[in-house]
Amino acid sequence: MPDGSIFKRCGCRHPDTGKPFGNDCPKLRRTNGAWSFDHGHWAYQLELPPTGDGRRRLLRRSGLPSRRVAADELDHARELLSLVPRGDRRRRTEIADLLQTAVRARRPLPETDRIRQLLHGDGPLTDIPTVADYLTGWLTHLTIDDNTIRGYESLVRVHLIPHLGDIPLDKLRASHIREMFTAIERRNDAIIAARTSPDPAVRQSVTGVRTTGPGTRQRIRACLRKAINDALADELIVGTNPATLVKVPGDRPVPIIWEDERVRHWKATGEVPGPIMVWTDVQVAEFLEYAAVHAPDLHPMWHFMAYRGPRRGEACGLRDSEVRLHRRETTINNQIATHGYTPVQKAPKSRAGNRDVVLDADTVKVLTAYKARRAAWRLAAGSAWPDTGLFFVRPDGRPWHPIGVSQRFRRLIRKAGLPPIRLHDLRHSAATLALDAGVDIKVVSEQLGHSTTTLTRDTYQSVSKQLHHDAADAVANMIKNGRRRTG
């Protein structure tokens, strides 16, 4: 029976022994030997390649409604076995295992195209997990920093599993991912509508509920893209990554400068024009002058951030041994990140983040005065002074907590009456002012620790006013000179 057979079975039992007749029931055949039309159900069986330990086995499915259905499924099983040469015992055994598992679980046989696709790699042919099962296991095997894993876990739990979790991983398509982002947009619209509802109960239902912004949508796609890339690398699935084919709705917000007109509107209405706001050079200078008087312990760090644009964690984690004021240089190769609220020292996230930052004369002067003040703090503390190895420390010698630095910053700008920005926006101000000063974008990109100039250009050049003024003047001068030549 190497090619299989099709037959009928029934549930009748022998009246004397009580044992099932199986396919020997006399009612299954008519008097001419043909199968009965109205008794029993169709079945098939096929001899499979031996088990891994050499035992013979049969594939048998019964309960099928017609001979045609039984014949089609038998052909399907034969086709799957024919995908692998008879000499490849390992793969033929795997396919036989798949067939047997499907029949025992009362599931359809695996799709031929999917098994053919998987055979191109050397990965297992076992049943593909759902997106939910795969992502859950994927998170437990990641070997990246805890903060990134925590972010991935949140994205998987809140967005990816609710929207995509039931789909088999190899069945995930770009259309599924687009539908997820469409559903997220609909949810955003519902939250916004509820916030403005005349019904207090409806407004109450979205209290504390946040919309999913452009940045989060980008991170959802990036998380899914990495997870599927890992599945492809492990040959769990084959083909292309559908997440790379999806354009994420919503653009990255670009910085907006606090021009005088915007400041007047903010003072009159309290409205902030956008999520990322940038101070002008005058506002930066005003803040630093105010901070020098009202927050002298943090003023040097904020000055460094405003002038040279390091990230908050990079400034908090700047090593004392990497500050060379006599050369007007610092090296950023350490940061203090927060895992929840717990501060953790670690290297910058990317290769570009490890960089040298050259200092201007004003910053050298501020940092030199700070070192002298820090030496006085240390002398007063005596043996109680902790040896952190950090450049910027609190007056008692302990490290600055990044969240505490941001909280102090927010309180101070409120007291100073300046238009609101985040501490991270000092970095945006530094980049925008550098571009306005005519600094080459490649230099600005390296100063900020960007891996390419693309991010620098896309984020900042659109708000660099001096470049646009220069372009406008260049066009006007060309037209003016043309008139002179024709006149």
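An account of the accompanying structure is given in this report.

Definitions and limits used
Residues numbered from 1 in each chain as written. Predicted model: local features only at pLDDT ≥ 70, side-chain atom pairs only at ≥ 80, totals over all residues. Heavy atoms only, no water. Helix = DSSP H or I, 4+ residues; strand = E, 2+ residues; numbered from the N terminus. Rg over C-alpha atoms; globule rule 2.2 N^0.38 Å. Buried < 20%, exposed > 50% of the residue type's maximum accessible area, 1.4 Å probe, protein only. Contact = heavy atoms within 4.5 Å. Areas by Shrake-Rupley, 256 points an atom, 1.4 Å probe, with all protein chains shown as cover. Core = buried A, V, L, I, M, F, W, Y, C linked by side-chain atoms within 4.5 Å. Salt bridge = Lys/Arg side-chain N within 4 Å of Asp/Glu carboxyl O. Bend = angle between axes of the 7 residues up to and from the residue. Pairing = 2+ DSSP bridges. Axes fitted to C-alpha atoms, helices over the stretch in contact; angles between N-to-C directions. Parallel < 35°, antiparallel > 145°, perpendicular 65-115°, else oblique. Left-handed = near helix turned anticlockwise from the far one by under 90°. Nonpolar A, V, L, I, M, F, W, Y, C, P; charged D, E, K, R; others polar. Disulfide = S-S within 2.5 Å. Patch = residues over 30% accessible without salt bridge, like charges linked within 9 Å, V, L, I, M, F, W, Y side chains within 5 Å. Lys, Arg positive; Asp, Glu negative; His and termini not counted. Charge placed at Lys NZ, Arg CZ, Asp CG, Glu CD. Phe/Tyr/Trp six-rings, centres within 6.5 Å; stacked < 30°, edge-to-face > 60°. Expected span 1.5 Å × (residues − 1). Arc of directions from axis to C-beta.

1. Overview of the overall build of the protein
Turning to step 1, where the next piece is worked out: A count of helices and strands for the protein gives 18 helices and 10 strands.
Turning to step 2, where the next piece is worked out: Over its C-alpha trace the protein gives a radius of gyration of 34 Å, far above what one expects of a compact globule, namely 23 Å for 487 residues.
Turning to step 3, where the next piece is worked out: C-alpha atoms of the protein, sized along the principal axes, occupy 110 × 75 × 60 Å.
Turning to step 4, where the next piece is worked out: By the burial criterion, 41% of the 487 residues in the protein qualify as buried.
Turning to step 5, where the next piece is worked out: Within the protein, residue pairs in contact and separated by at least 24 positions form 59% of the contacts whose partners lie at least 6 positions apart.
Turning to step 6, where the next piece is worked out: Of the roughly 27100 Å² that the protein leaves accessible, carbon and sulfur atoms contribute 51%.

2. Focus: the nonpolar core
Turning to step 1, where the next piece is worked out: Formed by 55 residues in total, the largest nonpolar core has its most connected members in L99, W138, L160, L164 and I177.
Turning to step 2, where the next piece is worked out: Setting aside residues up to four positions removed in sequence, I177 forms contacts with L164, L172, L224, P242, A243 and V246.
Turning to step 3, where the next piece is worked out: Formed by 43 residues, the second largest nonpolar core is a distinct cluster that contains V284, V323, L325 and V357.

3. A short note on the side chain of D425
Turning to step 1, where the next piece is worked out: With respect to the helices, strands and loops of the structure, D425 is situated in helix α15 (residues 425-436).
Turning to step 2, where the next piece is worked out: Setting aside its immediate chain neighbours within four residues, D425 contacts I276 and M277.

4. Comments concerning unusual backbone geometry
Leaving glycine aside, a negative phi is the common case for residues, and trans is the common case for peptide bonds.
Turning to step 1, where the next piece is worked out: One non-glycine residue, R328, adopts positive backbone phi at about 60 degrees.
Turning to step 2, where the next piece is worked out: Position of R328 relative to the elements: it lies in the loop between β6 (323-324) and β7 (329-332).

5. Let's talk about the pattern of salt bridges
Turning to step 1, where the next piece is worked out: Under the definition given, this model contains 22 salt bridges.
Turning to step 2, where the next piece is worked out: A salt bridge links E185 to R217, with the nearest nitrogen and oxygen atoms 2.9 Å apart. Taken together, the residues span a long stretch of sequence, with E185 in helix α6 (residues 174-195) and R217 in helix α8 (residues 214-233) at a distance of 32 residues.
Turning to step 3, where the next piece is worked out: The class of R217 is buried, set by a relative accessible area of 6%.
Turning to step 4, where the next piece is worked out: Of the charged contacts in the structure, one is a salt bridge between K226 and D230, with a shortest N-O distance of 3.4 Å. Pair noted here: K226 and D230 are both in helix α8, with a separation of 4 residues, about one helical turn.
Turning to step 5, where the next piece is worked out: Judged by its relative accessible area of 22%, D230 falls in the partly exposed class.
Turning to step 6, where the next piece is worked out: If you follow the salt bridges from partner to partner, you end up with R90, R91 and E94 in one network.

6. Focus on helix α5 (residues 146-164)
For an α-helix, the turn length of 3.6 residues means that residues three or four places apart are oriented alike.
Turning to step 1, where the next piece is worked out: Its maximal kink placed at V156, α5 deviates by approximately 45 degrees.
Turning to step 2, where the next piece is worked out: Residues T148, I149, Y152, L155, V156, H159, L160 and L164 constitute the buried set of α5.
Turning to step 3, where the next piece is worked out: Residues of α5 that are buried make contact with α4 (131-140), α6 and α8.

7. Details of the sheet that holds strand β10 (residues 355-358)
Turning to step 1, where the next piece is worked out: Strand order across the open sheet formed by 3 strands is β6-β7-β10, with antiparallel pairing between neighbours. Each end of this open sheet is capped by a strand with a single partner; those strands are β6 and β10.
Turning to step 2, where the next piece is worked out: As paired strands, β7 and β10 are joined by 4 bridges and run antiparallel to one another. Paired with T330 across the bridge in β10 is V357.

8. Observations concerning the packing of helix α11 (residues 299-308) against helix α13 (residues 361-381)
Turning to step 1, where the next piece is worked out: Contact geometry of α11 with α13 gives a least axis separation of 10 Å together with a crossing angle of 160 degrees. Relative to α13, the element α11 is oriented roughly antiparallel. Along this stretch, α11 crosses α13, giving a crossing that reads as left-handed. Seen from α11, the contacting residues are H299, P300, H303, F304 and Y307; seen from α13, they are D362, T363, V366, L367, Y370 and R373.
Turning to step 2, where the next piece is worked out: Here the residues of the contact of α11 with α13 sort into 6 nonpolar, 3 polar and 2 charged.

9. Brief notes about the state of the cysteines
Turning to step 1, where the next piece is worked out: The full count for this structure, using the stated rule, is 0 disulfides.
Turning to step 2, where the next piece is worked out: Not engaged in a disulfide, the cysteine C10 finds its nearest cysteine sulfur in C25; these two sulfurs lie 3.6 Å apart.
Turning to step 3, where the next piece is worked out: For the unlinked cysteine C12, the closest cysteine sulfur is that of C10, found at 3.6 Å.

10. Quick word on a positive patch on the surface
Turning to step 1, where the next piece is worked out: Residues R410, R411, R414 and K415 make up a contiguous surface patch of positive charge.
Turning to step 2, where the next piece is worked out: Along the chain, the position of R411 falls in helix α14 (residues 402-416).
Turning to step 3, where the next piece is worked out: Residue classification places R411 among the partly exposed residues on the basis of a relative accessible area of 39%.

11. Remarks on the packing of aromatic side chains
Turning to step 1, where the next piece is worked out: Summed over the entire model, instances satisfying the criterion amount to 13 aromatic pairs.
Turning to step 2, where the next piece is worked out: When the centroid spacing of 6.1 Å and the interplanar angle of 70 degrees are considered together, the rings of W35 and W42 count as edge-to-face.
Turning to step 3, where the next piece is worked out: On the numbers, 5.5 Å between centres and 40 degrees between planes, the contact of Y370 with F392 is tilted. Residue Y370 is found in helix α13, and its partner F392 is found in the loop between α13 and α14; the two are separated by 22 residues along the sequence. Each member of the pair, Y370 as well as F392, carries the same accessibility label: buried.
Turning to step 4, where the next piece is worked out: Among the aromatic side chains, those forming a connected cluster through ring pairs are F304, Y370, W377, F391 and F392.

12. Regarding helix α10 (residues 281-294)
Turning to step 1, where the next piece is worked out: Between the first and last C-alpha of α10 there are 20 Å, a value that for 14 residues agrees with the 20 Å anticipated at 1.5 Å per step.
Turning to step 2, where the next piece is worked out: Along α10, the positions that sit buried rather than exposed are Q283, V284, F287, L288 and A291. Projection of α10 onto a plane perpendicular to its axis shows the buried side chains occupying an angular sector of 130 degrees, all on one side. More than 90 degrees from the buried face of α10, the exposed residues found are V282, E289 and V293.
Turning to step 3, where the next piece is worked out: Close packing links the buried residues of α10 with α9 (260-269), β5 (277-278), α11, α14 and α15.

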